[in-house]
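What the coordinates show
As a plain string of letters, each chain reads:
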Amino acid sequence: MKKKPIASEPYAEMSSPGFEQMKSAFDRIISLDEQEWSVVKSAFKMLQVSPKQLLTSIGEVEKKIYFVAQGLMRLYCMNVRDEETTIFLFRENHFASCYQSFLTQFPSDQALETLENCTLFYITKERYDWLHKEVPKMNIVTRVIAEQRFINAQRIFSSHIMHSPEQRYLEFERQHGDLLLSVPHHIIASFLGVTPVSLSRIRNRVSRK
C-alpha cells in the first residue's frame, strides 16, 4: 500500500499565486466580490504532495475537495480482474475528489492519486458546508462543477461504447497529447480501456499513417 503524504497544512497565504488560478476558475463560473472571495480563500489550506501518493484510498470516506494549482492527479478504481482502471485525469485548474463519497460520506469505491509533484488547495467537508452558508454563490459554483463532472463522465462512457480504441486514442492525443510524454502508458491504456500492448500497437499504427 502506498504511503500517504505527511505534510504541514497551514491555511494558505492570501498572496499565494495558486489562489489567483483558483479565483480565475471561479470567475469563469460566477463573479465574487472582494469580501466573498476573502471568505472563500479563508476556507482552503495548501498542500504540497510528491508523486504516487494516495490522497484517498478505496474504502475510505472522502473528506476533501482539491483544487490542482500545479501537477497531475488521477482517479481510479479496481476492475473485476483486480486491476487498476483509471477513470479520470485531473490537470491544473481542475477540482479533484472522490466526489460521490465526498457528497454521501460513504466509503469510496475509487481512489485519488498524484502522478506528479502537486501543489493543491483543499477544503474539508466541514468547511465546505460552512462556506455554502457564508457565501451562497458557492451553490452555483459547486453545481456547475458537478454538472461538468457529469458531462465528462457521460462523454467517457459514450466514447467506450461508440468509438474504437484507435478513435479514443486519437481524441486523447488531440486533447492531451503532452501527457503521452509524461504519464506512464499503462495508466493511459487503462483510461482508454485497452491493454498496454494494444496501446503500443495503436500508437505504431497511427504513426505510420
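Because the structure is predicted, anything quoted here is derived from the model rather than measured.

Each value, and the rule that gives it
- Position numbers for residues count from 1 along each chain, tracking the sequence in the order it is written.
- Note on the predicted model: pLDDT of at least 70 is required for a residue's local features to be given, and 80 or more for side-chain atom pairs to be given and counted; whole-chain, interface and lining totals, by contrast, use all residues.
- Note: side-chain values were computed over all heavy atoms of the structure, leaving out hydrogens and water.
- Here a cavity means grid points, on a 1 Å grid over the protein atoms only, where a 1.4 Å probe fits yet cannot get out; a pocket means an open set of points with protein on both sides within 12 Å along at least five of seven lines; lining residues are those with an atom within 4 Å of a point.
- Grid points are joined across faces, edges and corners, and a volume is the space filled by probe spheres set on the points.
- By the criteria applied, helices consist of DSSP H or I runs no shorter than four residues and strands consist of E runs no shorter than two, each listed in order from the N terminus.
- Side-chain classes are defined by residue name, with Ala, Val, Leu, Ile, Met, Phe, Trp, Tyr, Cys and Pro counting as nonpolar, Asp, Glu, Lys and Arg as charged, and the others, Gly among them, as polar.
- Interaxial angle, 0 to 180 degrees, is taken between N-to-C directions of lines fitted to C-alpha atoms, where a helix line uses only the stretch in contact.
- Angles below 35 degrees are treated as roughly parallel, those above 145 as roughly antiparallel, those between 65 and 115 as roughly perpendicular, and all remaining angles as oblique.
- Whether a crossing is left-handed or right-handed is set by the direction in which the near helix is turned from the far one by less than a right angle, anticlockwise for left-handed and clockwise for right-handed.
- In this description, contact between two residues means that some pair of their heavy atoms is separated by no more than 4.5 Å.
- Only one rule defines a salt bridge in this text: a Lys or Arg side-chain nitrogen within 4 Å of an Asp or Glu carboxyl oxygen.
- Think of it in three bands: with a 1.4 Å probe and only protein chains considered, a residue is buried below 20% of the maximum accessible area for its type, exposed above 50%, and partly exposed in between.

1. Some remarks on empty space enclosed by the protein
Taken as a whole and assessed by the stated rule, the structure comprises two cavities of 30 Å³ or more. Space inside the largest cavity adds up to approximately 100 Å³. Taken together, Phe26, Phe44, Ile65, Phe95, Tyr99, Ile123, Tyr128, Leu131, Met138, Val141, Thr142 and Ile145 make up the full set of residues lining the largest cavity. It is helix α5 (residues 138-162) that contributes the most residues to the lining of the largest cavity, four residues altogether. Taken together, the residues of the lining of the largest cavity break down into 11 nonpolar, one polar and no charged. Taken as a whole, the second largest cavity encloses approximately 30 Å³ of empty space.

2. A look at the packing of helix α1 (residues 17-27) against helix α2 (residues 34-42)
In contact at an axis separation of 12 Å, α1 and α2 are set at 120° when each is read in the N-to-C sense. Considered as vectors, α1 and α2 are oriented oblique to each other. In the packing of α1 onto α2, the handedness of the crossing is right-handed. Counted together, Phe19, Met22, Lys23 and Phe26 of α1 and Trp37, Val40 and Lys41 of α2 form the full contact between these two elements. A breakdown of the residues in the contact of α1 with α2 according to their chemical character gives five nonpolar, no polar and two charged.

3. Comments concerning the pattern of salt bridges
Tallied over the full model, the rule gives 10 salt bridges. Between Glu84 and Arg74 there is a salt bridge, and its shortest N-O distance comes to 2.4 Å. Of the two residues, Glu84 sits in strand β5 (residues 84-90) while Arg74 sits in strand β4 (residues 73-78), which places them 10 residues apart along the sequence. Judged by its relative accessible area of 33%, Glu84 is partly exposed. Judged by relative accessible area, which is 3%, Arg74 ranks as buried. Linking Arg143 and Glu147 is a salt bridge whose minimum nitrogen-to-oxygen distance equals 3.3 Å.

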